[in-house]
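Structure assessment
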Amino acid sequence: SGAVCLVRESTDRPFTENDLHVLCALMQRGAEALRPIISSQREPGSSRSMQREADLPFPLVYRSGVMRQITRQVLRVAATDATVCITGPSGSGKELIAAAIHYGSLRSGGSFIKVNCAAIPENLIESELFGHEKGAFTDARGMLKGRFELADGGTLFLDEIGDMPMAAQTKVLRAIETRHIERVGGSEPITVDVRLIAATHRDLPIMVRDGRFREDLWYRLDVVRIELPELRARREDVPLL
């Protein structure tokens, strides 16, 4: 066990929540580097890590070593409130990992709201995410709460975020930075307390390079990254699945 003390020499600007997220990500990388040393110092046959995995409130089905490492990463990140980006091919279990993080966190009593960004038409995605006021557009016959608002106090899972239109990316970035949203057709800011988990099968750094995904949004999402392998890399899990 140990501790890290973060000190700012200048007192002009206080620490922000983003500073905390960056620190958590750095500590996670440091822990991964130290793990082999710690493991070599444990007594043979120690079951401590397996006991921690058994405590996962949202069980994952696996037998492979690579998924055991990912499960340990899920346990660590669930204990924080950091934003998580889950990458991996379609069918690799990104939604299950997101659910495991939510139900293993202090937000488990809140809602776990899922949005498939690839399944929502471009002209409707802002209304789905942020809601709308009555009369905001032709079919808006009443007020509708968006997914951000429904996830207040819980977790919002943005699946296939690489398919989100650029205009919606801008508003999602603003919501992350300010923790405020506005319904379509509304003018009153609404405060939301949401943990964000994103997932994609696309290569977002390449999309950023090609100008198809906002670099500042990618920076906000890539606080902690969990990379899931293809099933061919975990063949021993297939019979269980």
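For the structure itself, consult the block above.
From a predicted model like this one, the values you see are computed outputs, not experimental measurements. (Residues numbered from 1 in each chain as written. Predicted model: local features only at pLDDT ≥ 70, side-chain atom pairs only at ≥ 80, totals over all residues. Heavy atoms only, no water.)

This part takes up the overall build of the protein chain. Per the secondary structure count, the protein chain includes 9 helices and 9 strands. The 241 residues of the protein chain split such that 38% are buried. Within the protein chain, contacts between residues separated by at least 24 positions form 72% of all contacts whose residues are at least 6 apart in sequence. In the structure as shown, the protein chain presents an accessible area of about 13,700 Å², 51% of it carried by carbon and sulfur atoms. (Helix = DSSP H or I, 4+ residues; strand = E, 2+ residues; numbered from the N terminus. Buried < 20%, exposed > 50% of the residue type's maximum accessible area, 1.4 Å probe, protein only. Contact = heavy atoms within 4.5 Å. Areas by Shrake-Rupley, 256 points an atom, 1.4 Å probe, with all protein chains shown as cover.)

Now for the pattern of salt bridges. Two side chains of opposite charge can pair, provided their charged atoms sit close to one another. Evaluation of the coordinates by the stated rule reveals 17 salt bridges. Here Arg-225 ties to Asp-222 by a salt bridge, and the two come within 2.7 Å at their closest N and O atoms. A residue is classified by how much of its surface remains accessible, and Arg-225, at 28% relative accessible area, is partly exposed. Counted as one network, the salt bridges with shared partners bring together Asp-81, Arg-107, Arg-179 and Asp-193. (Salt bridge = Lys/Arg side-chain N within 4 Å of Asp/Glu carboxyl O.)

Right, let's talk about a nonpolar patch on the surface for a bit. Judged by side-chain polarity, Val-61, Leu-231, Val-238, Leu-240 and Leu-241 come together as a nonpolar surface patch covering roughly 430 Å² of accessible area. With respect to the helices, strands and loops of the structure, Leu-240 is situated in the segment after β9 (224-227). (Patch = residues over 30% accessible without salt bridge, like charges linked within 9 Å, V, L, I, M, F, W, Y side chains within 5 Å.)

One finds Leu-129, Phe-148, Leu-156, Leu-158, Met-164 and Phe-213 to be the most contacted residues of the largest nonpolar core, which totals 31 residues. Looking at this core, the elements that each hand over two or more residues are β2 (112-116), α5 (125-130), β5 (155-159), α7 (166-178), β8 (195-200), α8 (204-209) and α9 (215-221). Among the elements that make up this core, the one with the highest residue count is α7 (4 residues). Those residues in contact with Leu-156, other than ones at most four positions away along the chain, are Ile-113, Val-115, Arg-147, Phe-148, Ala-151, Val-194, Arg-195, Leu-196 and Ile-197. The next biggest cluster of nonpolar side chains, apart from the first, holds 23 residues, and it includes Leu-60, Ala-98, Ala-100 and Leu-228. (Core = buried A, V, L, I, M, F, W, Y, C linked by side-chain atoms within 4.5 Å.)

Okay, the pairing of β8 next. With 6 of 6 residues buried, β8 lies mostly within the body of the structure. Alternating residues of β8 divide into Arg-195, Ile-197 and Ala-199 and Leu-196, Ala-198 and Thr-200, and every residue in both groups is buried. Taken together, the 4 bridges between strand β1 (residues 84-87) and β8 define a ladder with parallel strand orientation. In the strand pairing of β8, Val-84 is matched with Ile-197. Inspection of the sheet shows β5 paired to β8 by 4 bridges, in the parallel sense. Counted as the bridge partner of Leu-156 is Leu-196 from β8. (Pairing = 2+ DSSP bridges.)

Moving on: helix α4 (residues 94-103). The buried fraction of α4 is high, at 7 of 10 residues. By the burial criterion, the buried members of α4 are Lys-94, Ile-97, Ala-98, Ala-99, Ala-100, Ile-101 and His-102. Looking at the buried positions of α4, the neighbouring elements they touch are α3 (65-78), β1, β2, β5, β8 and β9.

Let us look at the sheet that holds β8. One open sheet accounts for 5 strands, arranged β2-β5-β8-β1-β9; its pairing is parallel. A strand with exactly one partner marks an edge of an open sheet, and here the two such strands are β2 and β9. Sheet twist, expressed as the mean angle between neighbouring strand axes with direction ignored, is 20°. Contacts from α3 reach β1, β8 and β9, with the element oriented near 155° to β9. Taken strand by strand, α4 contacts β1, β2, β5, β8 and β9, and its axis lies near 155° from that of β2. (Axes fitted to C-alpha atoms, helices over the stretch in contact; angles between N-to-C directions.)

The subject of this paragraph is unusual backbone geometry. Unusually for a residue other than glycine, Glu-160 sits at a positive phi of about 50°. Residue position: Glu-160 is located in the loop between β5 and α7. For Glu-160, a relative accessible area of 11% corresponds to the buried category. Residue Arg-179 is not a glycine yet carries a positive backbone phi of 60°. Within the secondary structure layout, Arg-179 lies in the loop between α7 and β6 (180-181).

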